[in-house]
Every structure is written in C-alpha cells, then in structure tokens.
Amino acid sequence: MKNIAVIGAGTMGNGIAHVFAQNGFKVKLIDVNELALKRGLQTITNNLDRMVAKEKISTEKKDETLGNISIFTAIKEGVEDTSLVVEAATENLDLKLKIFKELDSTCAHSTILATNTSSISITQIAAVTSAPERVIGMHFMNPVPIMKLVEIIRGYNTSDAITKTIMQLSKTLGKIPVEVNDYPGFVANRILMPMLNESIETLYNGVAGVEEIDTVMKLGMVHPMGPLQLADFIGLDVCLSILNVMYNGFKNPKYAPCPLLVNMVNAGKLGVKSGEGFYDYSENKKAENVSKQFLN
C-alpha cells in the first residue's frame with residue numbers, strides 16, 4: 001500500500017497528505033479548487049521548513065516529501081491506481097455522500113475508502129457504496145503532523161481485515177490508533193464537544209468572562225489550552241456542526257448547542273479562520289474578546 005489519495009486540501013487534508021508523504025507514500029492530493037491545492041502545498045512546505053529549522057528532518061527529507069505529492073482537481077484522475085483514499089472534505093453529509101458515490105463507481109474494488117469525518121456516521125456514508133465492508137473512519141487530530149492519535153471508526157459493516165489493515169497502517173505513520181465503534185461523535189468529540197458547549201453556556205449565563213473561564217481550565221484542570229480558545233482553534237462552525245450531529249443522533253438535550261454559539265456562527269464569527277471568535281485574531285494574536293456583543 002504505497003499509493004494514497006487524499007480528497008480535500010484544507011487544514012486536515014494537507015496535514016494528512018503531509019504525514020503520508022513524509023513516511024514514503026506517493027500521495028495524490030485532490031481538490032476541485034486549484035487555489036486550495038496551491039495553498040495546501042504551501043502549508044505543507046511551510047511546515048516542512050519549520051521542521052528543517054528545528055533539525056527534526058533534513059533538507060533532503062523535505063524535498064523527498066514534497067516530491068511524493070502530486071495534485072489533481074478531478075477525483076477520477078486522482079484516485080487511479082490507489083490502494084487507499086482518505087476523504088477529508090468539509091464536514092457536510094451531502095457532500096461526503098456525493099464523494100463516496102463517485103469513489104464507489106471509480107475506484108478499484110480492492111481500494112479501501114476512509115473518511116476523516118469527526119462526527120458523521122460511517123455506516124451512513126458506507127450505505128451509498130456497493131461494498132460497505134471496505135469503508136472505515138480514519139479520524140486524525142489537528143494539527144495532523146504533530147498529534148499522535150487517530151480514531152479508527154468501524155461502521156456497522158466494516159470488515160475485520162480492513163480494520164486491521166488501517167490500524168497497522170496508522171502505526172506505520174507513527175500514529176497511535178484507537179479502535180472505536182460508530183456512534184455520533186465517536187469518542188473524542190462525544191466527550192470534548194459537551195465540555196466546550198458547557199464552557200460557552202458558562203459564558204452565556206454570565207458566570208465568568210472568556211479569559212477567566214480559560215484560565216480556570218488551564219490552571220485548575222491542567223489543560224494546555226482553554227476551552228474557548230480551543231473552540232476558536234477548531235472553528236465555531238465545526239463545533240456547531242458536530243453538536244448538531246450528536247443532538248440529532250441521540251435526541252438528548254445535553255447535546256443542544258448553546259444559543260451564543262449559534263449566534264456567533266450566524267454572524268460569521270468562526271474563530272481563528274475568520275479572524276474573530278471568542279478572541280480577536282485580526283493581528284495574529286489574542287486580544288480583547290469580541291463575543292460580548294452577543295451576550296446582550
């Protein structure tokens with residue numbers, strides 16, 4: 001298994017492509033947006049340059065890694081002769097179903113189809129294919145080149161052989177795979193998102209301010225990053241999407257998104273990616289939080 005395709009050149013997609021390429025795999029990075037592909041390659045190059053500067057890899061290793069990546073704007077061309085496809089497109093069910101329908105009709109029957117979804121049902125995605133046993137979740141953590149964990153999610157029909165192969169492959173990448181079953185939010189987000197949502201509720205109810213809440217969790221719970229800052233980093237739109245998946249999946253009010261989160265997303269305050277969230281990132285540093293305007 002040396003030929004890999006990654007669909008989506010965004011934050012997760014370029015990170016996944018980076019890790020595979022650095023470990024000797026030939027990677028076809030696919031995105032319908034040519035500009036996104038160029039940005040993705042530039043991000044990989046910048047990350048490799050930092051690794052060279054820190055003497056974690058050599059210049060030769062950087063060049064070899066970049067040489068292992070080729071780019072495509074069409075799925076059909078990009079997935080040709082690949083053993084594994086990792087879908088890392090936007091966290092949108094309809095989009096993922098469309099992609100997997102195309103993969104099912106385009107890829108060889110032996111190709112493993114993986115999705116990097118952080119919350120959407122693997123079983124539901126696999127149901128649109130003719131061979132659901134070859135569909136599996138491969139949920140990398142952000143930033144992919146640094147974080148060791150990979151959630152390996154088995155759909156209802158995912159075969160033992162495919163699961164074993166992907167578990168071993170993840171170890172080859174230097175990751176630590178953890179096998180979990182297919183329920184909304186899996187393990188990581190089922191535990192993380194209610195904590196982030198409760199932190200937003202705490203702010204919404206006026207118990208404390210943004211920096212105060214983050215300071216309590218960093219100093220009191222030894223979290224490396226406060227929950228509101230982490231939500232900004234993940235993307236408030238992504239947090240809202242995952243919470244909605246869990247709320248709809250479990251029908252349990254404890255997963256209902258906080259109204260403040262909904263309002264901020266509707267206003268385009270998405271966190272780091274938009275320049276504003278619970279903190280102001282307009283000058284590439286945290287500043288006074290801007291969420292107060294939504295609390296009135």
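Residues numbered from 1 in each chain as written. Predicted model: local features only at pLDDT ≥ 70, side-chain atom pairs only at ≥ 80, totals over all residues. Heavy atoms only, no water.

This part takes up the UniProt feature "site: Important for catalytic activity" (unreviewed entry) in the protein. According to UniProt, the feature "site: Important for catalytic activity" (unreviewed entry) maps to His139 in the numbering used here. Tracing the sequence through the fold places His139 in strand β6 (residues 135-140). The exposure class assigned to His139 is buried, which follows from its relative accessible area of 6%. Among all residues touching His139, those that are not within four sequence positions of it are Thr115, Asn116, Thr117, Ser118, Leu149, Val150, Glu151, Ile153 and Asn189. Within the structure, the side chain of His139 is placed 2.8 Å from the side chain of Glu151, a separation counted as a polar contact. (UniProt positions renumbered as here; feature names shortened; annotations may be inferred. Helix = DSSP H or I, 4+ residues; strand = E, 2+ residues; numbered from the N terminus. Buried < 20%, exposed > 50% of the residue type's maximum accessible area, 1.4 Å probe, protein only. Contact = heavy atoms within 4.5 Å. Polar contact = N/O pair within 3.5 Å; in protein donor to acceptor, adjacent residues only side chain to side chain.)

Our next topic: the packing of helix α11 (residues 236-250) against helix α12 (residues 259-266). At a minimum axis distance of 9 Å, the contact between α11 and α12 shows a crossing angle of 130°. Classified by the angle their axes make, α11 and α12 are oblique. Classified by chirality, the crossing of α12 by α11 is left-handed. From α11, Leu236, Asp237, Leu240 and Leu243 reach across to α12, where they touch Leu261, Val262, Met264 and Val265. Class assignment for the residues of the contact of α11 with α12 results in seven nonpolar, no polar and one charged. (Axes fitted to C-alpha atoms, helices over the stretch in contact; angles between N-to-C directions. Parallel < 35°, antiparallel > 145°, perpendicular 65-115°, else oblique. Left-handed = near helix turned anticlockwise from the far one by under 90°. Nonpolar A, V, L, I, M, F, W, Y, C, P; charged D, E, K, R; others polar.)

Within the largest apolar cluster, 34 residues are counted, with the highest numbers of intra-cluster contacts made by Ile16, Phe20, Val27, Leu84, Met138, Phe140 and Ile166. With sequence-adjacent residues up to four places away left out, Leu84 is seen in contact with Met1, Asn3, Ile4, Ala5, Phe20, Thr111, Ile112, Ala114, Ile166 and Leu169. In this structure, Met193, Leu196, Ile200 and Val265 belong to the second largest nonpolar core, which totals 24 residues. (Core = buried A, V, L, I, M, F, W, Y, C linked by side-chain atoms within 4.5 Å.)

Bringing helix α9 (residues 210-220) into the picture now. Listed in full, the buried residues belonging to α9 are Val210, Ile213, Asp214 and Met217. Buried residues of α9, seen end-on, are gathered within an arc of 95° and therefore sit on one face of the element. Opposite the packed face of α9, turned more than 90 degrees from it, sit the exposed residues Val216 and Leu219. In this fold, the buried residues of α9 make contact with α8 (188-204) and α10 (227-234). (Arc of directions from axis to C-beta.)

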